[in-house]
Amino acid sequence: MLARTTFRMAASRLQPSAVSRSVPCTTICRTFSAQPVQDDDDDKAAKKTSSSTTSTASPKVSQKVGIPETDKYKNLESIPVVFSDISRAKVAIRGGIRRTDCTKSYFLSEALGMNIFLKPEFQQFTGSFKERGARNAILKLMREQGSSLNGVIAASAGNHALALAYHGKELGIPVTVVMPVVAPLAKVDKCRKFGARVIIEGAHIGESKTFAETLVEKDKLQYVNGYDDPPIISGAGTIGCEIMEDVPEVDVVVIPVGGGGLIAGVACAIKTLKPECKVIGVEPHFCASYTAALKAGKPVAASVQNTLADGLAVPVVGPHAFEVARHYVDECVQVSEKEISLALLRLIENEKMVVEGGGATGLAALLPGGPLDRPEFKGKNIVVPLCGGNIDTTVLGRVIERGLAADNRLVNFYAEVSDRPGGIAKLTQILADMNASIKDIYHERAWLHTSVDRVQVKCVVELNGKEHADRLKQALLDNGYPIIWKPTSR
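Owing to the predicted nature of the structure, the values given are computational and were not obtained by experimental measurement.

Rules of the game
- Residues numbered from 1 in each chain as written.
- Predicted model: local features only at pLDDT ≥ 70, side-chain atom pairs only at ≥ 80, totals over all residues.
- Heavy atoms only, no water.
- Buried < 20%, exposed > 50% of the residue type's maximum accessible area, 1.4 Å probe, protein only.
- Helix = DSSP H or I, 4+ residues; strand = E, 2+ residues; numbered from the N terminus.
- Pairing = 2+ DSSP bridges.
- Axes fitted to C-alpha atoms, helices over the stretch in contact; angles between N-to-C directions.
- Contact = heavy atoms within 4.5 Å.
- Core = buried A, V, L, I, M, F, W, Y, C linked by side-chain atoms within 4.5 Å.
- Phe/Tyr/Trp six-rings, centres within 6.5 Å; stacked < 30°, edge-to-face > 60°.

In this section: unusual backbone geometry. Positive phi, close to 55 degrees, is recorded for Lys352, a residue that is not glycine. Relative accessible area serves as the criterion here: at 65%, Lys352 is assigned to the exposed category. Unusually for a residue other than glycine, Asn408 sits at a positive phi of about 55 degrees. Note that Asn408 resides in the loop between α18 (393-406) and β11 (410-418). The class for Asn408 is partly exposed, based on a relative accessible area of 22%.

Rendered as structure tokens:
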């Protein structure tokens, strides 16, 4: 009875007048911390109370995601995750995960004309936000099943497998992870070091999941979906609570979208505490599964190509995650590979942060020329969660070079020179005079057919940016060199 009364008192603080004033999440969670997590009856009461509260903030949000007028929040109490679930998750996991702070980036704020706040979730022990949901899911199963819980299983090629393996070890629960053959060896080894049973099976994550599901019944294990199980979504939503605590004046939150679990949880928390704050999703152009789901009105398979944001390459968004997200998310935009590589480069150079492609996708949309580089966002307070930092060293090297090329600081061109002594020397002298550093140069005789006494030289040079590149190009043309200038691709 005390638990029910206490929760009703906390939930009452989220009435419409309080919501409009951006209630700090600490106020609510502090109330929960003095008591055990509610039982099933309390869960039902809590969801009913929270759903009546969140529904007051949502009508104008649903219009942007295509929910029919007659269906707006008609059954909000029945969606898989509500704010009370996130509040309980925050209390449950706070002793086992790192609370990351939102800090303002001076350099990015100056460059973009916005107040950019970064939330470094890659600082979690296993390198991603996935720890929040993994720990919450295991704790919930432990409460529900007690000593009868034989273990948990998941199919994952990376961050979810690491998070589940680590927190399973911390909580004393056996963990099995099924990983595809393409999974990075470093992540496979880390999972084994955390004590997980690692099974390599399947050419891709879909085949790995199919195999994992056969072990659920055989070994009496509980399958934990890395982006769609309600406890996973609730755990991810605790990021939204921390954002509101650190930046109560936030205007926009920009979140990477893969399977949909992160944006569903964060959007639910943000929109409950501050309905006027915009929540915008960003996904890679090469795997726009959330956009496809919005168009179809339900999760559908989207075309997938290899992308720098490999952690977001989920062909079908989770049905639970989509059901929550579509009620709260204002819009979703897409970014190119070029924009993702530039975002990674900006974080390395300006913030000294090494982030994986999926983790930098939110920032990619805000860069000059990006889909969120809009006049209405100038001067606004914008929070960007950097959700993961598990990038292979070899991939990082390639990403840096692609970022430099996208930034016109690494330029590739062909020039025709005389096939006589001193022909290349004259070209390199011009490059030296223009302060261009030669990274690579290659002499080709066979592929030029215009004149027998001329050859083609391929040059890769390091420059200071677009203006420097334009000056070098003009200098070569002014000196009579026929050139083929290679622009950066999309």
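This next bit is on the sheet that holds β11. The sheet built from four strands is open, its strands ordered β12-β13-β11-β14 with antiparallel pairing. Sheet topology places β12 (437-444) and β14 (483-486) at the edges, where each strand pairs with a single neighbour. Shown here is a sheet whose adjacent strand axes are inclined to one another by a mean of 20 degrees, direction ignored. In the packing of helix α19 (residues 423-433) onto the sheet, the strands contacted are β11, β12 and β13 (454-462), and the crossing angle to β11 comes to about 145 degrees. Running at roughly 165 degrees to β14, helix α20 (residues 466-478) makes contact with β11, β13 and β14 of the sheet.

Moving on: the nonpolar core. Counting 42 residues, the largest nonpolar core has Val253, Leu262, Ile270, Tyr290 and Val383 as the members making the most contacts within it. Excluding its chain neighbours within four sequence positions, the residues that come into contact with Val383 are Cys102, Phe117, Ile243, Val247, Val250, Val252, Val253 and Val254. In terms of nonpolar packing, the next biggest core, distinct from the first, is built from 37 residues, Leu112, Met353, Val355 and Ile391 among them.

According to the stated counting rule, one finds six aromatic pairs in the structure shown. Summarising the aromatic geometry, the rings of Phe413 and Trp485 are spaced 5.2 Å apart at their centres and angled 10 degrees between planes, so their arrangement reads as stacked. Here Trp485 lies in strand β14 and Phe413 lies in strand β11, a separation of 72 residues in the sequence. Exposure remark for Trp485: the relative accessible area of 18% places this residue in the buried category. Through a chain of ring-to-ring contacts, three or more aromatic side chains come together here, namely Phe125, Tyr166 and Phe194.

Coordinates in, geometry out; function isn't part of it.
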